[in-house]
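Read off the chains here:
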Amino acid sequence: MPVLPPKGLCLEMTAETIAIASDHAGLPLKQALKSELERSGLGVLDLGTDAADSVDYPDFADKLAAVLKAGKAKRGVLVCGTGIGISMAANRHRHVRAALCHDATSARLARQHNDANVLALGARLIGEETAKECLRVFLNTAYEGGRHVRRVAKMS
Ligand code: RB5
């Protein structure tokens with residue numbers, strides 16, 4: 001595993017564009033994570049929502065799934081109040097492996113074992129610093145392959 005800087009993401013990630021979306025409950029955390037990505041030199045494809053008005057999280061999960069399918073981004077971040085609804089909606093798409101993470105360990109294992117391509121976070125349940133740590137670990141941890149390949153393939 002690469003040595004991670006305490007703040008910011010690895011420079012080796014600079015060529016990648018990360019898609020990000022949330023509902024109204026996830027908007028403040030989405031904005032914080034978007035700034036973190038931009039500060040690190042990553043491309044960000046922000047799919048909304050952009051206002052505090054109440055919206056439906058499946059619409060934003062579907063938008064992100066479409067962007068991944070079109071190859072406009074390889075990985076994405078989804079945020080709603082708990083992270084539950086938006087990850088459930090995203091995982092209805094066979095090409096999406098969205099992992100709802102609450103700490104660095106779940107983010108690391110979601111990459112190492114499940115080759116997660118979407119990080120889902122619950123803005124009402126997780127602190128901003130923990131969410132940023134999840135993001136850093138998610139983006140900087142490689143899939144282990146090996147014994148996990150057959151299992152991951154069965155999901156898509
Ligand atoms: C919105 O109030 C809330 O239900 C939503 O953000 C999410 O937590 C659903 O899973």
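Predicted model, so just to flag it, every value in this text is computed and none were measured.

Draft legend 1. Structural detail: the side chain of H148. With respect to the helices, strands and loops of the structure, H148 is situated in helix α6 (residues 148–153). For H148, the residues in contact, after removing those within four places along its chain, are Q112, H113 and Y143.

Draft legend 2. Structural context of the sheet that holds strand β5 (residues 118–122). Strand order in the open sheet formed by 5 strands is β2-β1-β3-β5-β4, and the pairing between neighbours is parallel. Only two strands of the sheet have a single neighbouring strand rather than two, namely β2 (43–46) and β4 (98–100). Direction aside, the axes of adjacent strands within the sheet are offset by 25° on average. Of the strand pairs in this sheet, strand β1 (residues 17–22) and strand β3 (residues 75–80) are connected by 5 bridges, and their pairing is parallel. Residue pairing for β3: A21 is matched across the bridge by L78. Of the strands in this sheet, β1, β2, β3 and β5 touch helix α1 (residues 27–39), which is tilted by about 170° from β1.

Draft legend 3. Region of the structure containing the packing of aromatic side chains. The final tally for this structure, using the stated rule, is 0 aromatic pairs. For R75, the ring lying beneath its charged end belongs to F138, and the centroid distance is 5.8 Å.

Draft legend 4. Focus on α1. Here α1 is 13 residues long and its end C-alpha atoms lie 18 Å apart, about the 18 Å a rise of 1.5 Å per residue gives. Among the residues making up α1, those that are buried are L27, L29, K30, A32, L33, E36 and L37. In this fold, the buried residues of α1 make contact with β1, β2, β3, β5 and α5 (128–140). Directly after α1, the chain includes G41, whose backbone phi takes a positive value near 85°.

Draft legend 5. Highlighting the site of the ligand. As a matter of local geometry, the ligand sits amid D23, H24, A25, Y57, C80, G81, T82, G85 and R124. Contacts to the ligand include R124, whose side-chain N or O atom sits 3.4 Å from an oxygen atom. For the ligand, whose accessible area on its own is 300 Å², the fraction buried by protein is 71%. Here the shell around the ligand is built from residues that sort into 3 nonpolar, 4 polar and 2 charged.

The rules we used
- Residues numbered from 1 in each chain as written.
- Predicted model: local features only at pLDDT ≥ 70, side-chain atom pairs only at ≥ 80, totals over all residues.
- Heavy atoms only, no water.
- Helix = DSSP H or I, 4+ residues; strand = E, 2+ residues; numbered from the N terminus.
- Contact = heavy atoms within 4.5 Å.
- Pairing = 2+ DSSP bridges.
- Axes fitted to C-alpha atoms, helices over the stretch in contact; angles between N-to-C directions.
- Phe/Tyr/Trp six-rings, centres within 6.5 Å; stacked < 30°, edge-to-face > 60°.
- Lys NZ or Arg CZ within 6 Å of the ring centre and 35° of its normal.
- Expected span 1.5 Å × (residues − 1).
- Buried < 20%, exposed > 50% of the residue type's maximum accessible area, 1.4 Å probe, protein only.
- Near = heavy atom within 4 Å.
- Polar contact = N/O pair within 3.5 Å; in protein donor to acceptor, adjacent residues only side chain to side chain.
- Areas by Shrake-Rupley, 256 points an atom, 1.4 Å probe, with all protein chains shown as cover.
- Nonpolar A, V, L, I, M, F, W, Y, C, P; charged D, E, K, R; others polar.

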